[in-house]
Amino acid sequence: MEITLQKGDFTAVEAEALVLFHFEQDDRLLETTAAVNDAAGSIIGQVIEAGDFRGEHLEHFLLYSQGSMATKRILLMGLGKREEFSVHALREAAAQSLRTLRDRRQPRAVLPIPFDSKFPLDLEDTAEACVLGGMLGLYQFTELRTRDLDNIKDFDSLIILSQKDSKQLAARVDRAKAMASGIYLARDLVTLPPNLATPTILAERVGEMAEQAGVNFHLIEKEEAEKLGMGAFLAVAQGSDEPGLMVALDYQPSKDDEPPVVLVGKGITFDSGGISIKPSKDMDRMKHDMAGAAAVIGAIQVVAALRLPLRVVGLIPFTENLPSGKAYKPGDVIHSLSGLNIEVINTDAEGRMILADALTYAGRYEPQAIVDLATLTGACIVALGDDVAGLMGTDDELLARLQAAGEESGEKVWPLPLWDSYFKLMKSDVADLKNVDGRKAGAITAAIFLKQFVPEGVPWAHLDIAGCAWEEKGKPLVPKGATGMGVHLLVRLLQEWQPLS
Ligand code: BES
Ligand code: ZN
Ligand code: ZN
């Protein structure tokens, strides 16, 4: 889809539809809407007066402009009540508008930025929200279809119309585009089936992204992992014929070796549970067990595209978790990179095993902070539901920043406690710790396990995205399937990064 920013008047541009917003029960039209209403013989006013369109959030009404302007149709889109309005509500309204048009096979829209002294957002925020929302709502994955390609509905072009021309405005439209492509990348990687997204294939794809984005790329293969002593990562990988691979991305905007923020993403390309095998119902869904990795990859692509003045490292352990004659077993004791010995109770708690070594390895970069993202526990879904990430960690300021980034991005995160007293549940009779206790506080005990591997003194936060990485039904900004959860959140966190106090 092509997105362009144009300065000018709505009467001149031609497309299938002009998208106009209206607040619920507002007794006045937004000025932009009013201007179109005047030009089109008051047809908008009549519809609203007749009570046929109230402006409820995401309600729409389609009108014909009857020759009064170059654009044939007017799509009225409701913004809901003024008091309840937010940037998120606007992103959703833009998404719903473009999706409505796409479904009607009207693939070109003009969206004038409301130019109105009483509009709650400024021009830049509005343009950014419309572009990002519009793009996110239009996402679809069609790569693997070979039949009925004519039935695939595409959207071709969005023209953002502004009465003002400014560098800032253009920059914000570009920022929204960069963000959306990072989220698209994450969604694509998660959607890809596990046979076409093995550790090797994904590492290659990440390598291509890194090259295009100007990010350093290093691949730790089995031999190097063995030399380093990544026992926990290798234990999970040993059950599969597909080799495990640890990917290190390093976005280094300046020559100095400044301490980076390290992002760690769980990259299980298929989680069968291993010897502690999962039930077969919905097992196919476990292709999305690399959504944490996808978020890190997407975020680093965006960070590089925006040229943020901060070093950001991404560490991604990629492996399958399969049962076989070589697979690790319950009862095994594994020597991790940190030196700690882990007793394996359940091979399905593999995410924490691979993250343990990645977290230890992160210490080499002497990071100013570490954030990990992982589809780690079903228990997190039980605790918080399926559209919120569980947030835990060791540094209150970092946690508060992530929560703020969650509010801004609309990617919800919510704190769970991480008291050290939970560690008693993880004590092992034969080794330093075990990888699983019973069902109690499962999201927290998983995080307490991870905490043992976080380099001493480094502020760390953990996001359990098990529930929110996959969308069951579809929402305005998130079509059914992979959500891309974490990309927007991480970029927001890093965008105006200041050293933690
Ligand atoms: N990948 C799963 C967690 C998961 C569950 C993600 C549902 C997304 C949706 C993880 O590796 C796992 O299997 N966790 C176990 C841990 C248990 C063995 C302690 C779980 O949650 O059941
Ligand atoms: Zn598992
Ligand atoms: Zn898993």
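Residues numbered from 1 in each chain as written. Chains lettered and ligands numbered in written order. Predicted model: local features only at pLDDT ≥ 70, side-chain atom pairs only at ≥ 80, totals over all residues. Heavy atoms only, no water.

1. Some remarks on helix α3 (residues 87-103)
Next, step 1: Under the 1.5 Å per step criterion, the end-to-end length of α3 is 24 Å for 17 residues, consistent within 8% with the ideal 24 Å.
Next, step 2: Among the 17 residues in α3, 13 count as buried, and that is most of the element. (Helix = DSSP H or I, 4+ residues; strand = E, 2+ residues; numbered from the N terminus. Expected span 1.5 Å × (residues − 1). Buried < 20%, exposed > 50% of the residue type's maximum accessible area, 1.4 Å probe, protein only.)

2. Side note on the packing of aromatic side chains
Next, step 1: Counted according to the given criterion, the structure contains seven aromatic pairs.
Next, step 2: Here Phe-23 and Phe-119 contribute two aromatic rings whose centre-to-centre distance is 5.9 Å and whose plane-to-plane angle is 40 degrees, an arrangement assigned as tilted. Taken together, the residues Phe-23 in the loop between β2 (17-22) and α1 (31-39) and Phe-119 in the loop between β5 (108-112) and α4 (123-138) connect sequence positions 96 residues apart.
Next, step 3: Where Phe-85 meets Phe-119, the ring centres are 5.7 Å apart and the plane angle is 65 degrees; that geometry is what we call edge-to-face. With Phe-85 in the loop between β4 (73-78) and α3 and Phe-119 in the loop between β5 and α4, this pair connects stretches of sequence that are 34 residues apart.
Next, step 4: By the ring-pair criterion, three or more aromatic residues cluster together here, those being Phe-23, Phe-85 and Phe-119.
Next, step 5: Geometry around Trp-497 places Arg-401 over its ring, the cationic atom sitting 4.8 Å from the centre. (Phe/Tyr/Trp six-rings, centres within 6.5 Å; stacked < 30°, edge-to-face > 60°. Lys NZ or Arg CZ within 6 Å of the ring centre and 35° of its normal.)

3. With respect to unusual backbone geometry
Next, step 1: In this model, Leu-58 sits at a positive phi of 75 degrees, which is unusual for a non-glycine residue.
Next, step 2: Assignment of secondary structure puts Leu-58 in the loop between α2 (43-49) and β3 (60-64).
Next, step 3: Residue Ala-441 is not a glycine yet carries a positive backbone phi of 45 degrees.
Next, step 4: Note on placement: Ala-441 falls in the loop between β17 (433-434) and α13 (442-451).
Next, step 5: On the basis of relative accessibility, which here comes to 33%, the residue Ala-441 falls in the partly exposed class.

4. Quick notes on the domain arrangement of the chain
A common way to report how large an interface is uses the accessible area buried once the components associate.
Next, step 1: Its domain assignment divides the chain into domain 1 (2-161) and domain 2 (179-495).
Next, step 2: Taking the mean C-alpha position of each, domain 1 and domain 2 sit 38 Å from one another.
Next, step 3: Taking both sides of the interface into account, the surface hidden between domain 1 and domain 2 amounts to around 1,700 Å²; carbon and sulfur atoms contribute 67%.
Next, step 4: Three residues, Arg-91, Leu-136 and Tyr-139, lead the burial of domain 1 against domain 2; their summed loss comes to 39% of the area buried on that side.
Next, step 5: For the interface between domain 1 and domain 2, the tally reads zero salt bridges.
Next, step 6: Applying the counting rule to domain 1 against domain 2 returns seven residue pairs in polar contact (both at pLDDT 80 or more).
Next, step 7: Listing elements by their share of the side of domain 1 that touches domain 2, those giving two or more residues are α3 and α4.
Next, step 8: Of the residues that constitute the side of domain 1 that touches domain 2, the class distribution is 10 nonpolar, four polar and five charged. (Domains from an automatic or database assignment. Buried area = accessible area lost by both parts, 1.4 Å probe. Salt bridge = Lys/Arg side-chain N within 4 Å of Asp/Glu carboxyl O. Polar contact = N/O pair within 3.5 Å; in protein donor to acceptor, adjacent residues only side chain to side chain. Nonpolar A, V, L, I, M, F, W, Y, C, P; charged D, E, K, R; others polar.)

5. What about the pairing of strand β11 (residues 312-321)?
Next, step 1: In terms of burial, β11 is a largely internal element, 10 of the 10 residues being buried.
Next, step 2: Here β11 shows two buried faces, one formed by Val-312, Gly-314, Ile-316, Phe-318 and Glu-320 and the other by Val-313, Leu-315, Pro-317, Thr-319 and Asn-321.
Next, step 3: Of the pairings in the sheet, the one linking strand β8 (residues 245-251) to β11 comprises seven bridges and is antiparallel in character. From the neighbouring strand, Leu-245 faces β11, where its bridge partner is Phe-318. (Pairing = 2+ DSSP bridges.)

6. Section: the sheet that holds β3
Consider a sheet: its strands pair through backbone hydrogen bonds, and that pairing is either parallel or antiparallel.
Next, step 1: Pairing within the open sheet is mixed, and its six strands lie in the order β1-β6-β5-β2-β4-β3. Both edges of this open sheet fall to β1 (2-7) and β3, since each of them pairs with a single strand only. Taking each pair of neighbouring strands and ignoring which way they run, the sheet shows an average axis angle of 25 degrees.
Next, step 2: Two strands pair when backbone bridges link them, and β2 and β5 are joined in this way by two bridges, in the parallel orientation. By the bridge assignment, Ala-17 is partnered in β5 with Ala-109.
Next, step 3: Along the sheet, α4 makes contact with β1, β2, β5 and β6 (157-162), crossing β6 at roughly 170 degrees. (Axes fitted to C-alpha atoms, helices over the stretch in contact; angles between N-to-C directions. Contact = heavy atoms within 4.5 Å.)

7. Comments concerning the site of ligand 1
Next, step 1: In the region of ligand 1, 17 residues are neighbours, and Asp-271, Lys-278, Asp-289, Asp-348 and Gly-378 sit closest.
Next, step 2: A distance of 2.8 Å separates an oxygen atom of ligand 1 from a polar side-chain atom of Lys-278.
Next, step 3: For ligand 1, whose unbound accessible area comes to 510 Å², protein coverage reaches 78%.
Next, step 4: Here ligand 1 occupies the largest pocket. (Near = heavy atom within 4 Å. Areas by Shrake-Rupley, 256 points an atom, 1.4 Å probe, with all protein chains shown as cover. 1 Å grid on protein atoms, 1.4 Å probe; cavity = no way out; pocket = protein on both sides within 12 Å on 5 of 7 lines; lining within 4 Å. Sits in = over half its atoms within 2 Å of the grid points.)

8. Quick word on the layout of surface pockets
Next, step 1: By volume, the largest pocket is sized at about 1,000 Å³.
Next, step 2: Contributing to the lining of the largest pocket are 35 residues, with Lys-278, Asp-348, Thr-377, Gly-378 and Ala-379 lying nearest its centre.
Next, step 3: Secondary-structure elements contributing two or more residues to the lining of the largest pocket are α10 (351-362), α11 (378-384) and α13.
Next, step 4: By residue class, the composition of the lining of the largest pocket is 11 nonpolar, 10 polar and 14 charged.
Next, step 5: His-88, Gly-410, Glu-411, Lys-475 and Val-478 are the residues nearest the centre of the second largest pocket, which is lined by 29 residues in total.
Next, step 6: Per element, the largest residue contribution to the lining of the second largest pocket is four residues, and it comes from helix α12 (residues 396-409).
Next, step 7: Split by domain, the residues of the lining of the second largest pocket number at least three in each of domain 1 (2-161) and domain 2 (179-495). (Points joined across faces, edges and corners; volume = space filled by probe spheres on them.)

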